[in-house]
Amino acid sequence: MAAGMLLRGATLLDGRRWEPQSDRDVVIEGGRITAVGKGCSAAQTVLDCRGLTVMPGLIDCHVHLSVTGGPDFLREARDPLAFVAWRAAKHARDTLQAGFTTVRSLGDRDYVTVHLREAVAEGLVEGPRIVTAGLPICMTGGHGWLFGSREADGADGVRQAVREQLKAGAD
């Protein structure tokens, strides 16, 4: 895309106006949108987008990429780490293909999303940008303890747990 790509004639949802804008052109250069309007200059690659809608990527602020959310959560809690990582990678790809370009992961087992974030950034797997909390933090025996949460009690314990997450690469 060195010379740029032109998306011609799309319906545009830009997030600044309530109403969609019809027959808009979007110019992409170097992986970034550089112009939006009508009658934009031609680029090396032109895609006819009449009848299609272009919009900014969606952001999901609460995901757990390594679990399914299905009824057999006790089995998932015992899955081997490699299987958990493969599941997270699949969910990341599916999430991106659904239009979410950024997710906030609020905790996964064994720092899976910390490493997945790096794999996505290096282009090893397809996925959205990941902002991750690392391990969930809960009180001893609290919500999520079964899934490898970092258990902590009291202000000092929670402060230490947070520092551990940051040291391990959490955002």
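Residues numbered from 1 in each chain as written. Predicted model: local features only at pLDDT ≥ 70, side-chain atom pairs only at ≥ 80, totals over all residues. Heavy atoms only, no water.

Caption draft 1: How the structure looks around the pattern of salt bridges. The full count for this structure, using the stated rule, is 15 salt bridges. The partner of Asp 14 in a salt bridge is Arg 17, and the shortest N-O contact between them spans 2.4 Å. For Asp 14, a relative accessible area of 19% corresponds to the buried category. Since its relative accessible area comes to 46%, Arg 17 is described here as partly exposed. For Asp 48, the salt bridge goes to Arg 50, with nearest N and O atoms at 2.4 Å. (Salt bridge = Lys/Arg side-chain N within 4 Å of Asp/Glu carboxyl O. Buried < 20%, exposed > 50% of the residue type's maximum accessible area, 1.4 Å probe, protein only.)

Caption draft 2: Structural view of the pairing of strand S2 (residues 21–29). Pairing between strand S1 (residues 5–12) and S2: five bridges, direction antiparallel. Among the inter-strand pairings, Ala 10 is bridged to a residue of S2, identified as Arg 24. Hairpin geometry of S2 and strand S3 (residues 32–37) is characterised by an intervening segment of two residues between the two adjacent antiparallel strands and by a positive phi of about 60° at Gly 30. (Pairing = 2+ DSSP bridges. Helix = DSSP H or I, 4+ residues; strand = E, 2+ residues; numbered from the N terminus.)

Caption draft 3: Local environment of the nonpolar core. Judged by nonpolar contacts, Val 63, Leu 65, Val 84, Ala 88, Ala 89, Ala 92, Val 103, Val 112, Leu 116, Val 120 and Ile 130 together constitute the single largest core of 11 residues. Per-element accounting of this core gives the leading share, four residues, to helix H2 (residues 81–97). With residues up to four places along the chain from it excluded, the contact list for Leu 116 reads Leu 65, Ala 88, Ala 89, Ala 92, Val 125 and Ile 130. Among the nonpolar cores identified, the runner-up in size contains eight residues, and Met 5, Leu 7, Ala 10 and Leu 12 belong to it. (Core = buried A, V, L, I, M, F, W, Y, C linked by side-chain atoms within 4.5 Å. Contact = heavy atoms within 4.5 Å.)

Caption draft 4: View of the pairing of strand S7 (residues 100–105). Where strand S6 (residues 58–63) and S7 come together, four bridges link them in parallel fashion. Counted as the bridge partner of Ile 59 is Thr 102 from S7. Looking at chain direction, S7 and strand S8 (residues 129–132) are connected through four bridges and run parallel. Within S8, the residue paired with Ser 105 across the bridge is Thr 132. Regarding the hand of the β-α-β motif, the stretch spanning S7, helix H3 (residues 112–121) and S8 is right-handed. (Right-handed = clockwise from strand over helix to strand, strands pointing away.)

Caption draft 5: The packing of aromatic side chains, seen in detail. Enumeration over the complete set of coordinates arrives at one aromatic pair. Between the aromatic rings of Phe 73 and Phe 147, the centroid separation amounts to 6.4 Å while the plane-to-plane angle is 45°, which identifies the pairing as tilted. On the criterion of sequence distance, the pair formed by Phe 73 in helix H1 (residues 73–77) and Phe 147 in the loop between strand S9 (137–138) and strand S10 (150–151) is long-range, its members being 74 residues apart. (Phe/Tyr/Trp six-rings, centres within 6.5 Å; stacked < 30°, edge-to-face > 60°.)

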